[in-house]
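Chain by chain, the residues:
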Amino acid sequence: MSALQLAIVDYGMGNIRSVRNAFARLKCDAQLVRSADDLKNADALILPGVGAFGEAMSNLQSLKLVEPITEIVKGGTPLLGICLGMQLLSESSEERGSHKGLGLVPGQVKSIDAPKGLRLPHVGWNSVSVTKPQPLFAGSRDQESFYFVHSYHFVCDPTHRAALTDYGGEVVA
């Protein structure tokens, strides 16, 4: 049995090294990919990201990766979106204008409506409630803490949410 071919999509937005190191620590070989041809060999995709939504989509478009990613995922290849990478799965974002996303998950990325006393960006550790069991959370306990740095969040139908945190209201995690 051969090992899974994991592909980290390198489109020039942020945390590539830390994501690659995390998979190495798990003893999973994850290759960096920057072309549509490289995506075709992957058993699963990882879309990381740190930065602004519009710039990220522009980078994916410049590398001609938008259509290949959406086709591969619609064909059944699993995709893990991390941070901005998760937000790119949406239909659109209002961050610094109006931008079209990959459209893989119905919903929009909107500014967090933080009540008085809560700062933006939301930075720090928050507990996460698992709302829909997923293999991603196997071995994690409910209310485990994760680190957040963001001012925008993914607003979508509850059927598309697997985990939430609270930052003055429900925030998809």
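Residues numbered from 1 in each chain as written. Predicted model: local features only at pLDDT ≥ 70, side-chain atom pairs only at ≥ 80, totals over all residues. Heavy atoms only, no water.

Visitor: Explain helix 3 (residues 53-62) here, please?
Guide: An α-helical turn contains 3.6 residues, so a residue and the one three or four places further along point in the same direction. Among the residues making up helix 3, those that are buried are F53, G54, A56, M57 and L60. Across the axial projection of helix 3, the buried residues extend over an arc of 165 degrees, all falling on one side. (Buried < 20%, exposed > 50% of the residue type's maximum accessible area, 1.4 Å probe, protein only. Helix = DSSP H or I, 4+ residues; strand = E, 2+ residues; numbered from the N terminus. Arc of directions from axis to C-beta.)

Visitor: For this particular structure, what's the right way to read the sheet that holds strand 7 (residues 108-111)?
Guide: For sheets, the rule is that strands pair by backbone hydrogen bonds, running either parallel or antiparallel. If you trace the four strands from one edge of the open sheet to the other, you get 6-5-7-10, paired in mixed fashion. Looking at strand neighbours, the two that pair on one side only are strand 6 (99-100) and strand 10 (152-155), the edges of this open sheet. When strand 5 (residues 92-93) meets strand 7, the two strands line up parallel, connected through two bridges. Considered in strand 7, the bridge of S93 is made with V109. (Pairing = 2+ DSSP bridges.)

Visitor: Where do I start with the pairing of strand 8 (residues 122-130) in this structure?
Guide: Side-chain direction in a regular strand flips from residue to residue, so the side chains alternate between the two faces of the sheet. In the sheet, strand 8 pairs with strand 9 (residues 144-150) via seven bridges, with the strands oriented antiparallel. The partner of V128 across the bridge, within strand 9, is E144. Relative to strand 11 (residues 163-166), strand 8 runs antiparallel, the two sharing two bridges. Of the residues in strand 11, the one forming a bridge with S129 is L164.

This is a description of form; function is not addressed.
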